[in-house]
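Breakdown of the fold
Chain by chain, the residues run as shown.
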Number of protein chains: 2
Amino acid sequence: MTVKTIGIIGGGQLGRMLAMAAAKLGLKTIVLEPQADCPAAQVANQQIIADYADPEALDALAAQCDVITYEFENVPVEAALALERKIAVYPPAKALEVSQDRLLEKQFLNANGIVTAPFRAVDSQEELEAALAEFGGQGVLKTRRFGYDGKGQQVYRKGDNAAGGYAALGSVPLILEGFIAFEREISIIAARTKDGEIACYDPAENVHRNGILHTSTLPATITLETAEAARLAATKLLSGLDYVGVVGIEFFLMQDGTLIANEMAPRVHNSGHWTEAACVISQFEQHIRAVAGLPLGACERHSDCVMTNLIGDDVLEMDTWLARPNVVVHLYGKAEARPGRKMGHVTELL
Amino acid sequence: MTVKTIGIIGGGQLGRMLAMAAAKLGLKTIVLEPQADCPAAQVANQQIIADYADPEALDALAAQCDVITYEFENVPVEAALALERKIAVYPPAKALEVSQDRLLEKQFLNANGIVTAPFRAVDSQEELEAALAEFGGQGVLKTRRFGYDGKGQQVYRKGDNAAGGYAALGSVPLILEGFIAFEREISIIAARTKDGEIACYDPAENVHRNGILHTSTLPATITLETAEAARLAATKLLSGLDYVGVVGIEFFLMQDGTLIANEMAPRVHNSGHWTEAACVISQFEQHIRAVAGLPLGACERHSDCVMTNLIGDDVLEMDTWLARPNVVVHLYGKAEARPGRKMGHVTELL
């Protein structure tokens, strides 16, 4: 069946850019998002205003679409599985399941031959202390799943007292990750079709500020071997999940050039925004092509570039960016520039 | 005042691509177009469903926008002038006036030092016969204005009988244009801001089929002098009209490399669609930047390319185009592929 209408769960900037890419291919989009006039709905054909997990809304979305995708990894797995019984959902629910749980994610990566930091599941105070002892008294304790009351993580260094550490993170399933003495961070954006065709963009080198991506630079300062290792990891991951769509994988780059996978996002990724400016086919169009059953486009990069995120008031410097030649500006149509809010990004071709 | 919302008169594919370019810059768009769910409205923030010249609809548009532009040159000059008393309208009404009347257009071009085919105003059968005599018995007789009952033009060759020729075209104001023995056709897309900043894309070489643009190829097979002459003509035209926005100018290329201006379009132009694939800033974004009072972007071309229009059933070959690497596909969201209807275009980077 030819795909004519794509349902997008989530109405933020990633949904917006997916909707625009779909429109360019003549495809219609319906966005499911509780916030009215969200960034994606402004450029989509239709919006269903409802919660992401609202069964009736999901039914209505499925009834009007030929395939469903999403712009974020917090779509409830149960909702995705329920949808999958009625309609194609890409990426598959399995990818959500793996990416929503840090333990499952690392286990899955390792099982597919992708190196991660050492880790231990921590389900009690006793297990925390045992795991810390194994890791020489240091590591990062994290909740396995996202969004547990905003309580995120706790760093332990040698000599720190771990007493009460399990309860402090909410007595929920946790994971202790060993420290990684990495040099820099890179990421790769890759896509896979239902038929198993895979295409990878060049790895980007990423710099974060306050826990948010600040810049992605192309090319990354890595050897050809390292770039090939990133591609190989992406290929293994995509095949292992029988994946359809675009994935973003972040890696730590070690001093010896080897890579340690940090995390995967089963969606278009902020560190791939540069592709809209420096490639023939952007990650957004690539994702739409994959989920719509169309052949993938070329991932070739015609220019070196630096993508810079505009967070909060950064957007006030827009005039400076617009005045620079060879800068592609992309704003998300958000009315208010709150601190920490992603307002847009710019890609300067070098 | 900072522009936040742009009104677009006309809801076809040009309006659609303008709306998408505006969204990328974080600007909102309202489309005025009588046909519901038109290509532009599918990606715009809002549509006013009304005739282009409906005074109430134009008032409503002006009340909600910061600036108004249009996607076609048939906007009634009176409507544009009425709007200009309330709100900035770019390109200016003067550009509409000139481009809607072949006689005024040629007079304006000549007055600004831009060479055209020889021409004579024809307002009677006597004037037709006198003009034909002057041009050696041959030329093309055209209505001065667009859309007179679809009666377009009449070619006269030596020995043809001109009797009844004036009445045959509707006894309306006509123009006789002398024949031009041109080699090929080129066009240039240029932009001007309110402050007089001008930027020109590289000239494209165009091939028409059945009176519709078929391909635009970059670079055109012309000398640097000819390219410079096209830029100079564009600069004169833009300055002469105190123009704001993007203009397209078509030229006949003579054997000696000189150019004869054929016509101008006060809008983004089909022969500039390649810019979205081969330039950092597309003609659509350039137009939005100009009318929104933002600085122009670079017109630099990073790749050679060929843009091919998809007319009617051409769109059925989409799978072939999608399967070719380095082809940027752009479809317009039109449901029905009628003969002669522009359904989309593809740009292959070379």
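Located above this text is the structure these notes cover.
All values reported here derive from a predicted model rather than from experimental measurement.

Tallying secondary structure elements over chain A gives 11 helices and 18 strands in all. A compact globule built from 350 residues should have a C-alpha radius of gyration of about 20 Å, and chain A, at 20 Å, falls within 12% of that. C-alpha atoms of chain A, sized along the principal axes, occupy 60 × 50 × 40 Å. Buried residues in chain A amount to 60% of all 350 residues. Residue pairs in contact within chain A that sit at least 24 positions apart in sequence constitute 59% of those at least 6 positions apart. For chain A, the accessible area works out to roughly 13,700 Å², and carbon and sulfur atoms hold 50% of it. Considering chain A, the positive charge centre built from 30 side chains and the negative charge centre built from 44 side chains are found 2 Å apart.

Let's shift gears to unusual backbone geometry. In the segment running from Tyr 90 of chain A into Pro 91 of chain A, the intervening peptide bond is cis, with an omega of -10°. Backbone geometry places Asp 242 of chain A, a non-glycine residue, at a positive phi of 45°. Among the structural elements, Asp 242 of chain A can be located in the loop between α8 (224-240) and β14 (245-253). Here Asp 37 of chain B, not a glycine, exhibits a phi torsion of approximately 50°, which is positive. Its place among the elements puts Asp 37 of chain B in the loop between β2 (28-32) and β3 (46-48).

Residue and element names in this part refer to chain B. On inspection of all chains with the given rule, the structure shows six aromatic pairs over all chains. Taking 4.7 Å as the distance between ring centres and 75° as the angle between the ring planes, the aromatic pair formed by Tyr 52 and Phe 72 counts as edge-to-face. Here the residue Tyr 52 occupies a position in the loop between β3 and α2 (55-64), and Phe 72 occupies one in the loop between β4 (67-70) and α3 (77-84), the gap between them amounting to 20 residues. Geometrically, the ring pair formed by Tyr 201 and Trp 274 is edge-to-face, given 6.1 Å between the ring centres and 80° between the ring planes. Of this pair, Tyr 201 sits in the loop between β11 (198-200) and β12 (204-209) while Trp 274 sits in the loop between β15 (259-265) and α9 (275-278); the two residues are 73 residues apart in sequence, bridging distant segments of the chain. We note that Tyr 201, like Trp 274, is buried.

Each regular strand carries side chains that alternate between the two faces of the sheet. All names here are of chain A. Counting buried positions along strand β1 (residues 5-9) yields five of five residues, so the element is predominantly enclosed. Neither face of β1 is open: one carries Thr 5, Gly 7 and Ile 9, the other Ile 6 and Ile 8, and all of them are buried. Judged from the five bridges that link them, β1 and strand β2 (residues 28-32) form a sheet pairing that is parallel. Across the sheet, Ile 8 pairs through a bridge with Val 31, a residue of β2.

Superposing chain A onto chain B takes a rotation of 180° plus a shift of 0.0 Å along the axis, which leaves an RMSD of 0.0 Å. Such a turn and shift between the copies fits a two-fold axis. Looking at the rotation axis and the C-alpha trace of chain A, the residue lying nearest is Val 43 of chain A, at 2.2 Å. Mapped onto chain B, 100% of the interface residues of chain A again fall at the interface, so both copies present the same surface.

Rules and cut-offs
- Residues numbered from 1 in each chain as written.
- Chains lettered and ligands numbered in written order.
- Predicted model: local features only at pLDDT ≥ 70, side-chain atom pairs only at ≥ 80, totals over all residues.
- Heavy atoms only, no water.
- Helix = DSSP H or I, 4+ residues; strand = E, 2+ residues; numbered from the N terminus.
- Rg over C-alpha atoms; globule rule 2.2 N^0.38 Å.
- Buried < 20%, exposed > 50% of the residue type's maximum accessible area, 1.4 Å probe, protein only.
- Contact = heavy atoms within 4.5 Å.
- Areas by Shrake-Rupley, 256 points an atom, 1.4 Å probe, with all protein chains shown as cover.
- Lys, Arg positive; Asp, Glu negative; His and termini not counted.
- Charge placed at Lys NZ, Arg CZ, Asp CG, Glu CD.
- Phe/Tyr/Trp six-rings, centres within 6.5 Å; stacked < 30°, edge-to-face > 60°.
- Pairing = 2+ DSSP bridges.
- Least-squares fit on C-alpha atoms with pLDDT ≥ 70 in both.

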